[in-house]
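Take a look at the letters that make up each chain.
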Amino acid sequence: MKEMKKQFYMRWDEPVFIFVIEAAFFLLGEIMLGVAVFVYGDADSIFPIGTLMAFMAAGFLMLFVEISAVPLCFNLSVSMGAVRRRLVPALFAMSFLDNLLAAAVACLLYPLEQQILRSLYAGIPVEIDFAFLFRLDAVLLGCLAVAAVSALLGAMFLRFGKITSSLLWLLVALGAVSPRIKKLLDSGQDHVFARLFKSCREFSEGGIAAVVIVLSAAMLLAAWILLRRQKVEI
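Now for a quick tour of the structure. One numbering rule holds for all chains: residues counted from 1, following each sequence as written. Selection of residues for local features in this predicted model requires a pLDDT of at least 70, selection of side-chain atom pairs for listing and counting requires 80 or more, and totals for whole chains, interfaces and linings are taken over all residues. Side-chain metrics rest on all non-hydrogen atoms present in the structure, leaving aside hydrogens and water.

### Describing the pattern of salt bridges
Argument step 1. The salt bridge definition used is simple: a Lys or Arg side-chain nitrogen within 4 Å of an Asp or Glu carboxyl oxygen. Applying the stated rule across the entire model yields 1 salt bridge.
Argument step 2. A salt bridge links D137 to R135, with the shortest nitrogen-to-oxygen separation between them at 2.7 Å.
Argument step 3. Taking the relative accessible area as the measure of exposure, D137 reaches 37% and is therefore partly exposed. The classification of residues rests on relative accessible area computed with a 1.4 Å probe and restricted to protein chains. Under 20% of the type maximum is buried, over 50% is exposed, and intermediate values are partly exposed.

### Observations concerning helix α5 (residues 136-160)
Because an α-helix packs 3.6 residues into every turn, residues spaced three or four apart end up facing the same way.
Argument step 1. Secondary structure elements follow DSSP: runs of H or I no shorter than four residues count as helices, runs of E no shorter than two count as strands, and numbering proceeds from the N terminus. Residue count minus one, scaled by 1.5 Å, sets the expected span of a helix. An ideal rise of 1.5 Å per residue puts 36 Å on 25 residues; α5 measures up with 36 Å between its terminal C-alpha atoms.
Argument step 2. When α5 is considered as a whole, its buried residues turn out to be V139, C143, A147, A148, S150, A151, L152, L153, G154, A155, M156 and L158.

### Things to note about the side chain of E66
Argument step 1. The residue E66 is located in helix α3 (residues 49-79) in this model.
Argument step 2. Engagement of the side chain of E66 in a polar contact is seen with the side chain of S150, the distance being 2.9 Å.
Argument step 3. Note on contacts: a residue pair qualifies if any of its non-hydrogen atoms lie within 4.5 Å across the two residues. Ignoring anything within four residues of it in the chain, the contact list for E66 reads R11, S95, D98, N99, V146, A147 and S150. What qualifies as a polar contact is a pair of N or O atoms within 3.5 Å, subject to a donor-acceptor requirement within protein and to the restriction that residues adjacent in sequence count only when both atoms come from side chains.

### Regarding the packing of aromatic side chains
Argument step 1. By convention, a stacked pair of Phe, Tyr or Trp rings (six-membered ring in the case of Trp) has centres within 6.5 Å and planes under 30 degrees apart, an edge-to-face pair has planes over 60 apart, and any other such pair is tilted. Following the criterion strictly, the structure yields 1 aromatic pair and no others.
Argument step 2. Relative to Y121, the ring of F38 lies with its centre 5.4 Å away and its plane at 25°, an arrangement referred to as stacked. On the criterion of sequence distance, the pair formed by F38 in helix α2 (residues 13-39) and Y121 in the loop between α4 (84-120) and α5 is long-range, its members being 83 residues apart.

### What about the packing of α5 against helix α9 (residues 205-227)?
Argument step 1. Every axis in this analysis is a line fitted to C-alpha atoms, fitted for helices over the stretch in contact. Angles between the N-to-C directions lie between 0 and 180 degrees. Relative to each other, α5 and α9 sit at 25°, their axes nearing to 8 Å. Taken as axis vectors, α5 and α9 run roughly parallel relative to one another. Here the hand of the crossing between α5 and α9 comes out left-handed.
Argument step 2. Ten residues, namely Ala, Val, Leu, Ile, Met, Phe, Trp, Tyr, Cys and Pro, are considered nonpolar, four, namely Asp, Glu, Lys and Arg, are considered charged, and the remaining ones, Gly among them, are considered polar. Split into classes, the residues belonging to the contact of α5 with α9 amount to 22 nonpolar, 1 polar and 1 charged. These descriptions rest on fixed angle ranges, namely under 35 degrees for roughly parallel, over 145 for roughly antiparallel, 65 to 115 for roughly perpendicular, and the rest for oblique. Crossings are assigned a handedness: left-handed for a near helix turned anticlockwise from the far helix by less than a right angle, right-handed for a clockwise turn.

Below, the structure written as structure tokens:
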């Protein structure tokens, strides 16, 4: 608990940053929706773009903020006398709490947008409802997964440096070709992506949750192994 307090004092600005960024993207989404409907007359249907933008901003923000926070907070804390076996779990827990806060802000913005849609866009059909994103089990699993990925990548940045940067750029490149992969999936052809996608669809919700928990635990364990003997770099 003492180490958690230190981490909170060290990273107190992160919750403020999260709230400001999510609110800004939510407001931007509402402005874009208003311009599309009232300026360009695109009123056939609408969807809660403010919630979507806030949710996506929170996900990307937390991932990259926490990746950079792990090396910074680790080096600073250890140089100030923190013990690794208490520090590393505190780093993981703080990242998870940051993710929960980001999700909580998005959960609060979602009903606000629903009220805006009912008040300003009454009679216009809503294409999609993002309520499924805010189920408690989905939120907890998502927060755990983001915390685990950021902990592992942060530890890898600290240990391996530029090699991890190259790996991260590779992941970004794979994300860039994801529309082509989706096109292959929609084509109905028999290929490795179609077989993999079909296998994933056969998992139940409980099975998916179990896979996320196991993979997250494995990534946190790997991050712990990397950090427990890591030298301080100031």
